[in-house]
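Descriptive analysis of the structure
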Amino acid sequence: MDFLRKRTSMRLDVRRTIGVLLVAIAFLMPSVVFAGGKAEVEPARVAEEASGEAPALAARVTAGELPPVEDRLPTNPLVIEPHQEIGRYGGDMRSALVGSGDAAWFRRTIFYDGLMRWAPDWSSPIPNVAEDVAVSDDAREYTFSLREGMRWSDGEPFTADDIIFYVHDFAYNSDLSPAVPGLLTDPDGNRATVEALDALTVRFTFESPNAMFLQQLAGPNGMWPVTYARHYLEQYHADFNPDVDAVATDAGFDSWVEYFEYQSSFTTNPELPQLTAWIITQPYTGDTQRVVFERNPYYWKVDTAGNQLPYVDRWLFDILGNTEVLLLRTMNGEIDLMHRHINNVENRPVLYGSQERGDYRLYDAEMDQSNAHSIRFNLNHPDPVVREFANNRDFRVGLSYAIDRAEISDLLHAGMTEPWGISPPQGHPLYHERLASEFIEYNVDLANEYLDRAGYDQIGRDGFRIGPDGQPIVLTMDLVVAQDERINVAELVQAYWRAVGVDVRLNVMERTLYFERRDAGQRETFMWSQDAGLAPLLNSDSWVPEAPAWREWVWPGSYPGVSAQEPPASFKRAAELWDEIYTSSPERHEDLYREIQDIIADEFWLIGTVSPPPGYGIVTNRIGNFLEPIPNSWNYPTPAPVGMEQLFIRN
């Protein structure tokens, strides 16, 4: 990290503008508004005569392998108005994954087709797989009308029974799903009653009002209720196949549960029927170098000229060993779309300078973050010594004062960020002065004063403070291997904290292990982006500390592998307020959230570092119909709501 210690003279002449987000959450159909406003798009224009379907599919129709396109589409397909023009069929979309635990990129691109979806400008959730939705006045009943004649990728009908199968035979089956997915519970933790009123109508009923249900369905987890094809998966389910244990054993699995999980995975099973625009043909396995998805002949969307979507034939995801390889391939123009791993401030100058060479451009994406790299401690860690550090507010305040945030901004963000806490930006309706600015001054004297006040005023021979067990204080910080910028920040924080007598060991690992440790409650401390800067009312992560046992107590099932512990009054009150947001009328939401903000400011559970830098992604110029600028958020989830099915290859 010596190179980070040398202040660079490089400065980018870029100013970050943060628009005012108008958070408008309607009681029946709550929504958020992208701070940048609606993107301007030209009316769709026809690039060539409508052909109805991809040439490769037309050839299969002629060969008798497929029915005509009109028989493959639902009676009322979803019509997508192209952002710029009617596209052309053909070609491969090239992207990449980094390492073996990067499947979330699928959910940000080709695996985003739930009952609802976000409008491209993030203005509201709108029907998608569902043709329509009716919501009761008390936000307890949601009735979805499905599309007549809609089919899975194998040609079999998609009906209400498929959603019922997901709910009752997967989500509510304790063998397959030890905890009921949060999508199917109300704010009080009661699971929904889900019933098929007829073959094309499904009703979700919640005991308590659930005013955010449509936003959840439009988010990254909303696709699960429509990804379990009953006609295919019931053969792997013990309730439908009495011989499934023997079948699973013959296939090399220890149980039918493992067999079902494998067969129901869209990344590993090419035979699994899907509703998405592309279906996997080259699976995602441990030794795979490339994952391939090919067009779904039964996809249920068309453009305004009546052409069946998608336009692109295939998506190719190469699995790369590290971000350096991804950066080089992107600069060479070998990656068509990337909004992950390399789109940081450190890489922006070199990516900007290589645009002509690689025939790509950088697009703007406004960050839905309140902090670029927040630090959290596990308040419920099983080790009592670690737990004592984590729950000592003076200890956390002292470590916060020890961080030189201006240096982090200068060295790692080209001066494009500022010292910041965990508040939404200034100008946002939910901006909070204390959360933004309290304890973020770089002051080593105050850091030492608070650490002494915390009770750790004895210094050992190695220069580190002595903990309650008589040993030098050592913290372990979990990090993800592909997040180079965050690792660099953590190395600086490590040096800052060692300077005030607290040792830190950085524990860098694959993403899969990182989340396994999270779910088991094993992390001591970690660094991650603080989400929900633009839309805090969509994400509990905007305030909830790392406290698995407390979360399990207030929201049973959120950490099924962790024993619940009753939290202190402040945490319980914040959780009650959060639940009330989900059940109350919209005019109360901001006041309720401000009370939560007051609590987390008092407790100082979370340590912020710097404000989020300007967001961006990379798209090659050969890709048509890409909408920009866009929001940048996992809740969005960027860039999928732009509409991957309408992207096309220009040449």
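This text goes with the structure placed above it.
First, a word on scope: everything that follows refers to the structure included in this document. (Residues numbered from 1 in each chain as written. Predicted model: local features only at pLDDT ≥ 70, side-chain atom pairs only at ≥ 80, totals over all residues. Heavy atoms only, no water.)

1. Regarding the side chain of R147
The condition that has to hold: For the purposes of this entry, the term helix denotes a DSSP run of H or I that reaches at least four residues, the term strand denotes a run of E that reaches at least two, and both are numbered from the N terminus. Any pair of nitrogen or oxygen atoms within 3.5 Å is treated as a polar contact; in protein, a donor-acceptor pairing is required on top of that, and neighbouring residues in sequence qualify only through side-chain atoms on both sides. Note on definitions: a residue-residue contact is assigned when non-hydrogen atoms from the two residues lie within 4.5 Å.
Mapped onto the elements of the fold, R147 is located in the loop between β8 (141-146) and α5 (160-171). At 2.9 Å, the side chain of R147 and the backbone oxygen of N76 are in polar contact. Ignoring any residue separated from it by four or fewer positions in sequence, one finds R147 in contact with P74, N76, P77, L78, N128, V129, A130, E131, L200 and W300.

2. A few points about the nonpolar core
Cut-off, in case you're wondering: In plain words, nonpolar cores are sets of buried Ala, Val, Leu, Ile, Met, Phe, Trp, Tyr and Cys residues tied together by side-chain atoms within 4.5 Å. Whether a residue is buried, partly exposed or exposed follows from its accessible area with a 1.4 Å probe, protein chains only, as a fraction of its type maximum: under 20%, in between, or over 50%, in that order.
Among the nonpolar cores identified, the biggest contains 180 residues, and F144, F204, F395, W497 and W543 are the most heavily contacted of them. Among the elements that line this core, the one with the most residues is α5, at 8 residues. For W543, the contacting residues outside a window of four places in its chain are Q530, W555, F571, A574, A575, W578, I596, I600, W605 and L606. With 5 residues, the next largest nonpolar core counts V480, M509, Y514 and W528 among its residues.

3. Side note on unusual backbone geometry
Looking along the chain, the bond that leaves Y636 and enters P637 is cis, with omega of -20°. Inspection of the secondary structure assignment puts P637 in the loop between β24 (630-632) and β25 (648-649). Of the consecutive residues T638 and P639, the connecting peptide bond is found in the cis state with omega at 0°. Looking at the secondary structure, you find P639 in the loop between β24 and β25. Despite not being glycine, W122 has its phi angle at roughly 65°, a positive value.

4. Notes on the environment of D92
Inspection of the secondary structure assignment puts D92 in strand β4 (residues 92-98). If we skip the residues at most four places from it in the chain, D92 touches V312, R314, L316, D336, R622 and I649. A distance of 2.9 Å separates the side chain of D92 from the side chain of R314, its partner in a polar contact.

5. Observations regarding the side chain of N635
With respect to the helices and strands, the residue N635 is situated in the loop between β24 and β25. The class for N635 is buried, based on a relative accessible area of 14%. If sequence neighbours within four positions are ignored, N635 has contacts with W118, W122, G219, P220, D368, L538 and N539.

6. Some thoughts on the sheet that holds strand β18 (residues 474-480)
Selection criterion: In short, DSSP must find at least two bridges between two strands for them to pair. Each axis is a line fitted through C-alpha atoms, and for a helix only the stretch in contact is used; angles between axes span 0 to 180 degrees, taken between their N-to-C directions.
The mixed open sheet is built from 5 strands, whose spatial order is β19-β18-β20-β17-β21. Both edges of this open sheet fall to β19 (503-509) and β21 (606-607), since each of them pairs with a single strand only. As paired strands, strand β17 (residues 369-377) and strand β20 (residues 525-531) are joined by 6 bridges and run antiparallel to one another. Paired with N371 across the strands is Q530, a residue of β20. Against the sheet, helix α18 (residues 484-499) makes contact with β17, β18, β19 and β20, and its axis sits at roughly 165° relative to β19, the strand it touches most.

7. Here we look at the environment of S145
Position of S145 relative to the elements: it lies in strand β8. Note: C-alpha distance between S145 and A549 (404 residues apart in sequence) is 39 Å. If we skip the residues at most four places from it in the chain, S145 touches A130, E131, D132 and L200.

8. Observations concerning the sheet that holds strand β12 (residues 290-295)
If you trace the 4 strands from one edge of the open sheet to the other, you get β4-β14-β12-β11, paired in mixed fashion. Each edge of the open sheet carries a strand with a single partner, namely β4 and β11 (278-282). Adjacent strand axes in the sheet meet at a mean angle of 25° when their direction is disregarded. In terms of strand pairing, β12 meets strand β14 (residues 314-320) through 5 bridges, oriented antiparallel. Residue pairing across strands places E294 opposite R314, the latter belonging to β14. Contacts from helix α10 (residues 323-331) reach β4 and β14, with the element oriented near 135° to β14.

9. Thoughts on the pattern of salt bridges
Definition in use: The working definition used for a salt bridge is a side-chain nitrogen of Lys or Arg within 4 Å of a carboxyl oxygen of Asp or Glu.
Inspection of every chain in the model, using the stated rule, returns 32 salt bridges. Where R361 meets E628, a salt bridge forms, and the shortest distance between an N and an O atom there is 2.8 Å. Separated by 267 residues along the polypeptide, R361 in strand β16 (residues 360-367) and E628 in the loop between β23 (623-624) and β24 bring together distant segments of the chain. R594 is paired through a salt bridge with E590; the nearest N and O atoms lie 3.1 Å apart. With R594 and E590 both in helix α22 (residues 589-603), this residue pair falls 4 residues apart, about one helical turn. You can call R594 partly exposed: its relative accessible area is 31%. The partly exposed category is assigned to E590, whose relative accessible area is 25%. When salt bridges with common partners are traced through the structure, they connect R290, D318, R329 and E334 into a single cluster.

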